[in-house]
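# Observations on the three-dimensional arrangement
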Amino acid sequence: MTASDSPDSSVWSAIGWDGGNSLVSSNLHFDRIVRHAEKLGLNCPDDLSDRVFSKLEEMEPPEERNESYDQDDYLLIVKVTSEGNILLEGSANRTWPEKPLSAISLSAPIWEDGIRGTKHGDYQPYRDAREVATSNGADIGLLFEDGNLIDGDRCAPLLLDSDGVAYHPRNCDGALDSVSLQVIKPYLESSGIPVRGA
């Protein structure tokens, strides 16, 4: 589903899914798809949410289910193409270990300003980063440009510094406007952990 193409060929999001009719933070994902489609010059259907939930009734979940109590069972890839088609694909949600993850630093892919910071059709650089990370024994590839952390190969980086502040890459520097960060930020801050862009 997230096969690479030209950046303006599609916009997409991976949404936590229970394998039935429930999607995690779906409105935030749909809103981001609409925003990113506009940035990429794509037409996004006005009734995106209704159409996704209608198609969801016909979906079968993947065989492999994430059994962790604190992780989503599956992922649903929602993709809007440049032709306005809505494509859905169920995907396994990798089970993350109960230990600190290891990461390596890699160069961030470079795109034009209108493309940077969007979930667009050219996903291959992220696949390549993931392959480099895993082939080097790391869990995640962190993507840097000019010394700035921009993104992760399959995550929104959030780093807890020794000063007790959680830092994340900023959208103005080319980072994705993360739905996950949007969801967890209020909980972190109410627990006394300030969340700041860096």
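Scope of this entry: the structure provided in the associated data block. (Residues numbered from 1 in each chain as written. Predicted model: local features only at pLDDT ≥ 70, side-chain atom pairs only at ≥ 80, totals over all residues. Heavy atoms only, no water.)

## Here we look at the overall build of the chain
Secondary structure summary: the chain contains 4 helices and 9 strands in total. Across the chain, helices and strands are ordered from the amino to the carboxyl terminus as β-α-α-β-β-β-α-β-β-β-β-α-β. Relative to the globule expectation of 16 Å for 198 residues, the C-alpha radius of gyration of the chain, 17 Å, shows essentially globular dimensions. Seen along its three principal axes, the alpha-carbon backbone of the chain occupies a region of about 45 × 40 × 35 Å. When burial is assessed residue by residue, the chain has 41% of its 198 residues classed as buried. Expressed as a percentage of contacts within the chain between residues at least 6 apart in sequence, the contacts between residues at least 24 apart total 66%. Surface accessibility of the chain: about 10,800 Å² in total, with carbon and sulfur atoms responsible for 46%. (Helix = DSSP H or I, 4+ residues; strand = E, 2+ residues; numbered from the N terminus. Rg over C-alpha atoms; globule rule 2.2 N^0.38 Å. Buried < 20%, exposed > 50% of the residue type's maximum accessible area, 1.4 Å probe, protein only. Contact = heavy atoms within 4.5 Å. Areas by Shrake-Rupley, 256 points an atom, 1.4 Å probe, with all protein chains shown as cover.)

## Brief notes about the nonpolar core
Within the largest apolar cluster, 31 residues are counted, with the highest numbers of intra-cluster contacts made by Leu-23, Ile-33, Leu-48, Val-52 and Leu-76. Going through the elements one at a time, β1 (10-17), α1 (26-40), α2 (48-56), β2 (74-81), β3 (86-92) and α3 (124-135) are the ones with two or more residues in this core. A total of 5 residues in this core trace back to one element, the largest contributor, which is β2. When neighbours within four sequence positions are excluded, Leu-48 is seen to be in contact with Phe-30, Ile-33, Val-34, Val-80 and Ile-86. (Core = buried A, V, L, I, M, F, W, Y, C linked by side-chain atoms within 4.5 Å.)

## Brief notes about unusual backbone geometry
Despite not being glycine, Ser-25 shows a phi value in the positive range, around 50 degrees. Summarising the element assignment, Ser-25 is placed in the loop between β1 and α1. Accessibility expressed as a relative area gives 24% for Ser-25, which makes it partly exposed. Residues other than glycine seldom take positive phi values, yet Asp-146 does so here, at roughly 50 degrees. On the accessibility criterion, Asp-146 (73% relative accessible area) is exposed.

## Thoughts on the sheet that holds strand β5 (residues 140-145)
Pairing within the open sheet is mixed, and its 3 strands lie in the order β4-β5-β6. At either margin of the open sheet sits one strand with a lone partner, and together these are β4 (103-107) and β6 (148-152). The mean inter-strand angle of the sheet, taken between neighbouring strand axes irrespective of direction, is 40 degrees. Two elements, β5 and β6, share 4 bridges in a ladder whose sense is antiparallel. By the bridge assignment for β6, Leu-143 is matched with Asp-151. (Pairing = 2+ DSSP bridges. Axes fitted to C-alpha atoms, helices over the stretch in contact; angles between N-to-C directions.)

## Let's talk about the sheet that holds strand β8 (residues 166-168)
Spatial ordering of the open sheet is given by β7-β8-β9, a layout of 3 strands whose pairing is mixed. Looking at the sheet topology across the chains shown, the edges are occupied by β7 (159-160) and β9 (195-197). Pairing of β7 with β8, which is carried by 2 bridges, proceeds in the antiparallel orientation. Looking at β8, one finds that Leu-160 is bridged to Ala-166.

## Let's talk about the side chain of Lys-119
Note on placement: Lys-119 falls in the loop between β4 and α3. The buried charged residue Lys-119 lacks any salt bridge, with Asp-151 as its nearest oppositely charged partner at 7.2 Å. When near neighbours in sequence (up to four residues on either side) are disregarded, Lys-119 contacts Ser-10, Val-11, Trp-12, Arg-32, His-36 and Leu-176. (Lys, Arg positive; Asp, Glu negative; His and termini not counted. Salt bridge = Lys/Arg side-chain N within 4 Å of Asp/Glu carboxyl O.)

## Description of the pairing of β6
Within β6, 4 of the 5 residues are buried, leaving the element largely enclosed by the surrounding structure. The turn linking β5 back onto β6 is made up of 2 residues, and Asp-146 within it adopts a positive phi angle of 50 degrees.

## Quick notes on the environment of Gly-164
Mapping Gly-164 onto the fold places it in the loop between β7 and β8. On the accessibility criterion, Gly-164 (30% relative accessible area) is partly exposed. In the structure, Gly-164 is positioned 29 residues away from Ile-193 in sequence and 6.3 Å away in space, judged by C-alpha atoms. Excluding residues within four positions of it along the chain, Gly-164 makes contact with Ile-193 and Pro-194.

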